Amino acid sequence: MKTFTSYAVAMLLLCSSAFAQSSLKGKVSGEVQEITAKPLPFATVLLLNAKDSTLAKGAISSETGNYEFENVALGRYLVSATMMGFQKSFSAPFEVSASQTIVTLPALKVAEMTQTLNEVKIITKKPFVEQQIDRMVVNVENNIGSAGGTALEVLEKAPGVTVDRQNDRLQFKGRQGVMIMIDGKLQQISMQDLMNMLQAMPSDNVEKIELISNPPAKYDAAGNTGLINIVLKKNKNFGTNGNYTLSAGYGRYEKLNGSLGLNYRNAKFNAFGNVSVFHARFRNTQDIDRVIAYKDQITYMDQNSPRVGNPQNLSFRTGMDFFVSKKTTIGVLATGFLNQFKMNGISSTDFRDKNQTLTSRFATDAFNHNRLDNYTGNVNLKHDFGKGREFSADADYSYFIGNSGNDLNTTYYSPENVMTSKDVFRNIMPSNISIAGAKVDYIHPLKKGKVEVGAKSSLVNTDNDMRFETFTDNQWILDPKRSNRFIYKENINAAYVNYSTTLNKKTQLQLGVRAEHTHSNGNSVTLNNVIDRNYVNLFPSVFVSRTLDTNNVLNVSFSRRIDRPNYSNLNPFQFFLDPYTFQQGNPNLRPQFTNSFQIMHVFKSAFSTTLAYSRINDVIADQIPKQIPEENKTYVTTENLDHQDNYNLTLSIPITVKKWWTMQNNVSAFYNRFRSFYYGADLDLGQFGATVFMMNNFTLPKGYTAELSGFWNSPTQYNILKAQAQGQISAGFAKSLWNRKASLRLNIQDIFFLNRFAGTVNYQDLNFKVMSRWESRQVRLSFTYRFGNQNVKAARQRSTSTEDVRSRANSGQ
């Protein structure tokens, strides 16, 4: 992977081209390969003067291992190539002369390191944000401000990502519909369960976050906004080693987490395991002010809901890789989590007439509870046929056990605060989800490029038994009209082919197509309503990369994607928050389809500018409000809108201010426009928006480091909801201890307590405001200690120890 050091060296060397001494220039090109002839991307390639090995030019190899030096002065040279985990390699000397200005060198082979490095300290630090050829990478590991927090808080800092805690949803570059993967595995649970899981996942388990706007054909076609892949930490060292982390934080309540990782590796197998625990309490306050018009009456409803939440999580990951031979690896993996989320509080609601006179009020004592456990097993086989030919196969089975519900005790009062009546009811929804899947992938190199083919099949079964019960005459009575059992089955079979090639020394091309057959069956047992769908779709993708010169690269891409409704959104049950506010599913939801086009310019392998456009048809609009005005009731549901247009401009600007001070700046500006016939009228809403992210890193004397970061999200449009701006500023400090075997980190999140959610809806007869605040300002202290053999792993770049684990690791973490 490209490191910060590689970027700095490359940029300094590229500047040397301005000192060319001759008017006659040449060009040198070639390819960097591993010993197995596999292309080595993103290696640091240097053009050296043969006489004294002084630097002439520098570059970074492309995704296919190619490099090129332009405007080379006449003379005698040699080329060197290196990358972390590999030995430095040199070409034979060659000459650029007037009779031979274009020189194409043989492939430069680079061998992996095999010796143990004694008494050598390799200290490299990746930038917080890296722009790679097809994705943006947020390096969470060793980031001070992320220590001791949660994965959701880390995701909130990712450039272009907006976390809407009020409605349990995510946006990427101003669009909803982003899909979340964990270690390459797509999450098959509802967005609410996913947000709860990320809220309970310690950030110390996260290595990096990959933001992929236009994924190639080998990825699942789900996700209209693209994919966010959360990569968890793995131990990559020889011998027996491990680490543990302890963190404590405080905002208004305590936050505690700890993790332990162990690893043993020899020439025959690698055994590994990790366990983490998380406990926290937090406060959330929500205010909703509604204006409900019905005939000649106007009712004002003012609601205040302070609540205290308590997420708890225990997660584990254990497995073993067997190195059957140098070319064959068999792996087994077991992962899982026990996730519990509770929230309780008393909400108060006042009713006022059109003259703002208090007419009545009620108070609801609500206890929300959610339990979701997961157990997953995986078996993987990977074989290297040599010369770049690779085969891999995976088989997975995952089982989720969930139980969620609300206990609501509502007391009604007169304007004089005299109790008039009571209402006690509860929602109970046990649920089970089973997911079985298998896939195969094969890579075959060609003379100029490679072909990737693969197939995948998955079977999903969900069973939700929603029960609505009222407490009458000292016993719970089932209300069959508000209860429903919903069984959903889905089978997706897919196949893809991906072809990548180098058209010439400056142009790379990647073409892909993915075919998916979907058969789904949603059965509302209680309502006796079955919706069966059977359809086949093609999803093409095109990626073109053009090297304009040694400093400038232009990438153009197109892809078509699909988003299927969440299982919970298809269930037509009603889930009550109080007697006048509830959520309702929609079994008639259709998939949404997205066509995305993107142009990206990369300068000096660091600065990037991206311009993108997407058209989404049959937009799945989540958490869209509706009313029953004659009963003063408001509910949210999920609907299909006709289409959405999104325009986006993103800038990534890394800056080295001083040797000890670096900055990463990301700015994304976008325009969203929704059009549809909805709620009895033509809907046409559009708004400009922007997100800004800044990270400052400071390297201080005596092992101290510090950072100062912040983000700001402008006002934006969520379908018919207009959200106000959000933002925060955070700071952190860290100290290395005991010869870098341990580290102590202190960070303060949202120093000025700015991060909150506020929004308004004013459409047809819908008129309300919502405000939500949570415990965003926190102080956290984290301690990490690494023990055992911490030597650099010799086979760091081998697919059997890196890619295999990534492809097998499960979403349950």
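Shown above is the structure to which this text applies.
Residues numbered from 1 in each chain as written. Predicted model: local features only at pLDDT ≥ 70, side-chain atom pairs only at ≥ 80, totals over all residues. Heavy atoms only, no water.

Caption draft 1: A look at the overall build of the protein. Secondary structure summary: the protein contains five helices and 47 strands in total. Split into buried and exposed, the 813 residues of the protein put 54% on the buried side. Intrachain contacts of the protein at a sequence separation of at least 6 include 66% that bridge at least 24 residues. In the structure as shown, the protein presents an accessible area of about 34,300 Å², 57% of it carried by carbon and sulfur atoms. (Helix = DSSP H or I, 4+ residues; strand = E, 2+ residues; numbered from the N terminus. Buried < 20%, exposed > 50% of the residue type's maximum accessible area, 1.4 Å probe, protein only. Contact = heavy atoms within 4.5 Å. Areas by Shrake-Rupley, 256 points an atom, 1.4 Å probe, with all protein chains shown as cover.)

Caption draft 2: Examining the nonpolar core more closely. Residues Val28, Val32, Leu47, Phe69, Tyr77, Val79 and Phe94 are the most contacted members of the largest nonpolar core, which totals 23 residues. Taken together, the elements giving at least two residues each to this core come down to β1 (25-34), β2 (44-49), β3 (55-60), β4 (66-73), β5 (75-82), β7 (94-96) and β9 (108-110). With residues near it in sequence (within four places) discarded, Leu47 still touches Thr54, Leu55, Ala56, Lys57, Phe69, Val72, Tyr77, Leu78, Val79 and Phe94. Judged by nonpolar contacts, the second largest core, of 21 residues, contains Ala621, Phe757, Tyr763 and Leu766. (Core = buried A, V, L, I, M, F, W, Y, C linked by side-chain atoms within 4.5 Å.)

Caption draft 3: Spotlight on the pairing of strand β38 (residues 661-678). As judged from the 15 bridges shared by strand β37 (residues 633-658) and β38, these two strands associate in the antiparallel manner. Within β38, the position partnered with Asn646 by the bridge is Asn672. Between the antiparallel neighbours β37 and β38 lie two residues. By the bridge criterion, 18 bridges tie β38 to strand β39 (residues 681-699) in an arrangement that is antiparallel. Within β39, the residue paired with Asn665 across the bridge is Met694. Adjacent in sequence and paired antiparallel, β38 and β39 are bridged by two residues, among which Tyr679 carries a positive phi angle near 60 degrees. (Pairing = 2+ DSSP bridges.)

Caption draft 4: Here's a closer look at the packing of aromatic side chains. Scanning all chains against the criterion turns up 28 aromatic pairs. Centre to centre, the rings of Tyr678 and Tyr679 are 5.8 Å apart; their planes meet at 25 degrees, and the pair counts as stacked. Assessed through its relative accessible area of 5%, Tyr678 is described here as buried. Relative accessible area serves as the criterion here: at 24%, Tyr679 is assigned to the partly exposed category. Among the aromatic side chains, those forming a connected cluster through ring pairs are Tyr244, Trp738, Phe783, Tyr785 and Phe787. The cationic tip of Lys735 hangs over the ring face of Tyr704; the distance from NZ or CZ to the ring centre is 5.3 Å. In this structure, Arg773 packs its charged tip against the face of Phe753, placed 4.0 Å from the ring centre. (Phe/Tyr/Trp six-rings, centres within 6.5 Å; stacked < 30°, edge-to-face > 60°. Lys NZ or Arg CZ within 6 Å of the ring centre and 35° of its normal.)

Caption draft 5: Representation of the pattern of salt bridges. Applying the stated criterion across every chain, the model contains 23 salt bridges. Put simply, Glu390 and Lys382 hold a salt bridge, and the shortest N to O gap is 3.9 Å. In this structure, Glu390 and Lys382 share a single accessibility class: buried. One salt bridge connects Arg514 with Glu516, and the closest N-O pair in it is separated by 2.9 Å. You'll find Arg514 and Glu516 in the same group, each marked buried. Salt bridges sharing partners connect three or more residues here, namely Asp302, Asp350, Arg352 and Arg361. (Salt bridge = Lys/Arg side-chain N within 4 Å of Asp/Glu carboxyl O.)

Caption draft 6: Seen up close, unusual backbone geometry. For Asn528, which is not glycine, the phi dihedral falls at a positive 55 degrees. With respect to the helices, strands and loops of the structure, Asn528 is situated in the loop between β30 (507-524) and β31 (529-547). Positive phi is not limited to glycine here, since Gln764 has a value of about 55 degrees. By relative accessible area, Gln764 is classed as partly exposed at 45%.

Caption draft 7: Quick look at the pairing of strand β44 (residues 742-749). Here strand β43 (residues 726-737) pairs with β44 via seven bridges, running antiparallel. Counterpart to Lys735 in the pairing with β44 is Leu744. Connecting β43 to the next strand, β44, in antiparallel fashion are four residues, including Trp738 with a positive phi near 55 degrees. As defined by bridge partners, β44 adjoins strand β47 (residues 778-788) across eight bridges and the pair is classed as antiparallel. When the sheet's bridge partners are listed, Ser743 is paired in β47 with Thr784.

Caption draft 8: Structural context of the environment of Arg564. Considering the arrangement of structural elements, one finds Arg564 in the loop between β32 (552-563) and α4 (567-570). When the C-alpha atoms of Arg564 and Gln592 are compared, they prove to be 6.7 Å apart, with 28 residues separating the residues in sequence. A polar contact of 3.0 Å, which involves the side chain of Arg564, links it to the side chain of Thr518. (Polar contact = N/O pair within 3.5 Å; in protein donor to acceptor, adjacent residues only side chain to side chain.)

Caption draft 9: Focus on a nonpolar patch on the surface. On the surface, Tyr244, Leu246, Leu260, Leu262, Val275, Val277 and Leu314 cluster together into a nonpolar patch covering about 550 Å² of accessible area. Elements with a contribution of two residues or more to the nonpolar patch: β18 (239-250), β19 (254-265) and β20 (269-280). With respect to the secondary-structure elements, Leu314 resides in strand β22 (residues 297-323). (Patch = residues over 30% accessible without salt bridge, like charges linked within 9 Å, V, L, I, M, F, W, Y side chains within 5 Å.)

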